[in-house]
Amino acid sequence: MMHSGVSIFRLVRAISALVLTTFTLTSAAQTQADAYCDMPAGQTVVPGGARQWTARKAARWYAEQPFLAGCNYIPRNAVNQLEMWQEETFSPDLIDQELGWAEELGFNCLRVFLQSTVWKTDPEGFLRRVDRFLEIADRHGMKTMLVLFAGSGGVNKPGPQPEPVPGCHNRYFCGSPDLRPDGTEDTDAYPQVERFVKQVVGTFRCDDRVLAWDLWNEPGWKNHRGVTAYGLLAKVVGWTRDARPRQPLTIGIWNTDLNVLNKFIFSVSDIVSFHSYSDHFKVLSELDERYKPLGRPILCTEYLARNFGSRFDNVLALFKAERVGALCWGLVDGKTCTKWPWSWDGGAREPDPWFHDVLHPDGSPYDVREAEFVRRLLRDK
């Protein structure tokens with residue numbers, strides 16, 4: 001049964017402490033928590049002169065925005081970010097079609113991962129394609145949060161990409177910046193990483209089509225982890241500030257046990273962003289206890305895991321009631337195979353329910369009632 005309105009969330013607020021589900025870290029995430037726990041606070045120093053926005057400036061920016069609702073986006077014919085952005089496989093007509101479907105749902109913003117490997121092989125062409133993407137999104141009434149780097153993956157090969165494995169969730173996602181062939185951090189490439197940041201941010205620093213800059217997706221997850229990556233993250237913040245973007249900067253909180261890292265993230269982010277695939281009870285607790293006390297605009301930049309109770313009818317409704325921006329994971333079922341859960345190793349059996357994603361490849365909804373709920377919720381100002 002679907003619920004909406006503020007009143008139910010007043011009830012939720014009253015009982016949420018009694019019904020929170022227990023959060024269990026995966027062994028990999030626990031390893032990362034252990035790695036960051038002993039980091040000295042001195043490593044949070046950010047080079048460069050520009051500083052974090054004041055809370056007042058961030059609030060003024062947020063007051064000018066509508067209720068921000070959208071999705072993390074990659075076209076259905078791309079198995080990863082390389083395939084999305086390479087000239088040979090960049091698909092503006094298909095993107096235009098899919099963003100038209102997103103517009104019909106009422107979405108007004110997107111979160112999109114860039115790819116520094118593609119930039120290295122063709123800097124000017126890459127920037128032209130990003131500009132074309134922003135043009136298409138803007139035509140459909142959507143602003144775009146651009147993600148510079150990502151913690152998972154990182155040994156990337158340009159050119160033709162592997163075919164997806166049905167049932168295997170997002171196997172070929174590309175992290176960045178590139179690692180060495182043996183998977184270790186390439187500190188010698190930092191000057192090139194700096195050029196990427198300053199050229200990309202510098203090109204779009206005053207572009208109204210860009211909603212915000214997400215500097216690093218899930219720092220410390222899988223590759224790009226530990227002290228070296230933490231130092232690089234601080235450098236990326238400084239390089240981005242040096243480019244003087246007019247849009248706010250953020251880094252998403254994804255593991256609440258990474259205490260030192262999260263303090264650093266809070267200290268450099270203009271707006272607060274976080275990932276949560278929990279139900280609305282847990283999300284409400286996180287908002288009240290962790291994020292609202294910071295006094296800054298809040299965006300959830302990843303949610304929607306139907307198996308875990310993270311759905312539109314409860315979580316998106318909560319976000320709207322609390323005026324927390326919300327970007328679900330996935331739009332159209334495609335080559336990333338994200339309708340299947342994280343834990344599946346392969347196999348073409350249709351998952352029930354879908355884990356992520358909203359639409360079939362022909363644009364029809366996975367769940368007609370769910371899609372209609374989203375439309376009604378987002379139309380109701």
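Residues numbered from 1 in each chain as written. Predicted model: local features only at pLDDT ≥ 70, side-chain atom pairs only at ≥ 80, totals over all residues. Heavy atoms only, no water.

## A look at the overall build of the protein
- What the protein contains, in helices and strands, is 13 helices and 9 strands.
- Here the protein holds 381 residues, and 57% of them are scored as buried.
- Within the protein, contacts between residues separated by at least 24 positions form 79% of all contacts whose residues are at least 6 apart in sequence.
- For the protein, the accessible area works out to roughly 15900 Å², and carbon and sulfur atoms hold 51% of it. (Helix = DSSP H or I, 4+ residues; strand = E, 2+ residues; numbered from the N terminus. Buried < 20%, exposed > 50% of the residue type's maximum accessible area, 1.4 Å probe, protein only. Contact = heavy atoms within 4.5 Å. Areas by Shrake-Rupley, 256 points an atom, 1.4 Å probe, with all protein chains shown as cover.)

## Details of helix α12 (residues 312-322)
- Counting buried residues along α12, 10 of its 11 residues qualify, which places the element largely inside the surrounding structure.
- In the stretch just after α12, R323 is the one whose phi turns positive, near 50°.

## Observations concerning the pattern of salt bridges
- Summed over the entire model, instances satisfying the criterion amount to 22 salt bridges.
- In this structure, R180 engages D186 in a salt bridge whose closest nitrogen and oxygen atoms are separated by 3.9 Å.
- A single network of salt bridges, built from pairs that share partners, joins D96, E135 and R139. (Salt bridge = Lys/Arg side-chain N within 4 Å of Asp/Glu carboxyl O.)

## Describing empty space enclosed by the protein
- All told, the structure shown has 2 cavities of 30 Å³ or more when counted by the stated rule.
- Listing elements by their share of the lining of the largest cavity, those giving two or more residues are α4 (81-85) and β2 (109-113).
- The class makeup of the residues in the lining of the largest cavity is 10 nonpolar, 8 polar and 4 charged.
- Forming the boundary of the second largest cavity are V79, P164, V165, C168, N170, R171, Y172, K335, T336 and C337.
- Tallied by class, the residues present in the lining of the second largest cavity amount to 6 nonpolar, 2 polar and 2 charged. (1 Å grid on protein atoms, 1.4 Å probe; cavity = no way out; pocket = protein on both sides within 12 Å on 5 of 7 lines; lining within 4 Å. Points joined across faces, edges and corners; volume = space filled by probe spheres on them. Nonpolar A, V, L, I, M, F, W, Y, C, P; charged D, E, K, R; others polar.)

## Overview of unusual backbone geometry
- Between S176 and the following residue, P177, the backbone shows a cis peptide bond with an omega angle of 5°.
- Each neighbour pair has its own omega, and for D352 with P353 the value is 0°, a cis peptide bond.
- When you line up the elements, P353 lands in the loop between β9 (325-329) and α13 (368-379).
- Phi is positive for L304, close to 90°, though the residue is something other than glycine.
- Secondary-structure assignment places L304 in the loop between β8 (298-302) and α12.
- With a phi angle near 50°, R323 is a residue other than glycine that sits in the positive phi range.
- Topologically, R323 is positioned in the loop between α12 and β9.

## Describing the layout of surface pockets
- The space that makes up the second largest pocket amounts to roughly 290 Å³.
- W53, W61, E64, R246 and Q247 are, among the 16 residues lining the second largest pocket, the residues nearest its centre.
- If you list the elements that add at least two residues to the lining of the second largest pocket, you get α3 (55-63) and β4 (210-217).
- Residue contributions to the lining of the second largest pocket peak at 3 residues, all from α3.
- Looking at side-chain class alone, the lining of the second largest pocket contains 6 nonpolar, 2 polar and 8 charged residues.

## Considering the packing of aromatic side chains
- Considering all chains together, one arrives at 21 aromatic pairs under this definition.
- With centroids separated by 5.2 Å and ring planes inclined at 85°, the aromatic side chains of Y277 and W342 adopt a geometry described as edge-to-face. Here the residue Y277 occupies a position in the loop between β7 (272-275) and α11 (280-291), and W342 occupies one in the loop between β9 and α13, the gap between them amounting to 65 residues.
- For W342, a relative accessible area of 43% corresponds to the partly exposed category.
- Between the aromatic rings of W342 and F355, the centroid separation amounts to 5.0 Å while the plane-to-plane angle is 75°, which identifies the pairing as edge-to-face. A residue pair is termed long-range when its members are at least 10 positions apart, and W342 in the loop between β9 and α13 and F355 in the loop between β9 and α13 qualify at 13 residues.
- Following the ring pairs from residue to residue traces out a cluster consisting of Y73, W85, F90, W119, F126, F133, F149, F196 and W216.
- Between the NZ or CZ atom of R323 and the centre of the ring of Y62, over which it lies, the distance is 4.5 Å.
- Positioned over the ring face of W340 is K339, at 4.9 Å from the centre of the ring. (Phe/Tyr/Trp six-rings, centres within 6.5 Å; stacked < 30°, edge-to-face > 60°. Lys NZ or Arg CZ within 6 Å of the ring centre and 35° of its normal.)

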